[in-house]
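Coordinate inspection notes
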Amino acid sequence: MNIERTFVALKPDAVQRGLIGKIITRFEEKGFKILAMKMLEVTPEQAAAHYAEHVGKPFYDGLIQFITSAPIVAMVVEGIDAIEEIRHIVGATNPDKADVGSIRADYSPLMKCNCIHASDSVASAEREMRIYFDVEKELCTNWKTMMEVVLDGLQ
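Our subject in this report is the structure included herewith. Along each chain, residue indices are assigned from 1 in the same order as the chain's sequence is written. This being a predicted model, a pLDDT of at least 70 is required before a residue's local features are given, and a value of 80 or more before pairs of side-chain atoms are given or counted; all residues contribute to the totals for chains, interfaces and linings. With hydrogens and water stripped out, all remaining heavy atoms of the structure feed into the side-chain values.

Remarks on the sheet that holds strand β3 (residues 72-80)
For two strands to pair, DSSP has to find at least two bridges joining them. Per the convention used, a helix needs a DSSP run of H or I reaching at least four residues, while a strand needs a run of E reaching at least two, with both numbered from the N terminus. Across the sheet, four strands lie side by side as β2-β3-β1-β4; this open sheet has antiparallel pairing. Where the open sheet ends on each side, the last strands, each with one partner, are β2 (33-40) and β4 (116-118). Looking at each pair of strands side by side, their axes are set apart by 15 degrees on average, direction ignored. Note that strand β1 (residues 3-10) and β4 share three bridges and pair antiparallel. Its bridge partner lying in β4, V8 is registered against A118. The contact rule is simple, with two residues in contact once any of their heavy atoms fall within 4.5 Å. The axes used here are C-alpha line fits, helices contributing only the stretch in contact, and every angle between their N-to-C directions lies in the interval 0 to 180 degrees. The strands touched by helix α5 (residues 82-90) are β1, β3 and β4; relative to β1, the strand with the most contacts, the crossing angle is about 35 degrees. Contacts between helix α7 (residues 122-132) and the sheet are confined to β1, β2, β3 and β4, with β1 contributing the most and set at about 55 degrees to the helix.

Here it is in structure tokens:
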């Protein structure tokens, strides 16, 4: 099994629309483990670090403005093939192209307000986790989900 950690952020529109519980439930029901979670107001420095790969693109300023406009919920999530699986649950960036039943298809009215961010690679996940968490101190790793208990019993 390929156990991975990834970074997920519920964006300001998800927080403002009261979707936190509904979105987190999707990950928990699929068997993913939330190792860290906090609500925070993103600083301009965090926003710039998060979207560094988009500097110079025409939409960059809008990204910074949006992510700093209201609180987000930042999470570190762990599970089997977490990066790929969570991105599948999240859906395509453009909600019009997202699979039916994905978070973005269900809750995102526009691409600009697409509710959620999920890391697209191991390298991005590591970088993004460190923008929002002290990964040596803030991750709760000494517990098992029910899925882990069941899987341990099958071995």
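With respect to the pairing of β1
Partly exposed residues are those whose accessible area sits between 20% and 50% of the maximum for their type, while under 20% is buried and over 50% is exposed, using a 1.4 Å probe and protein chains only. Of all eight residues that make up β1, six are buried, and the element is covered over most of its length. Note: β1 against β3, eight bridges, orientation antiparallel. Counted as the bridge partner of L10 is V73 from β3.

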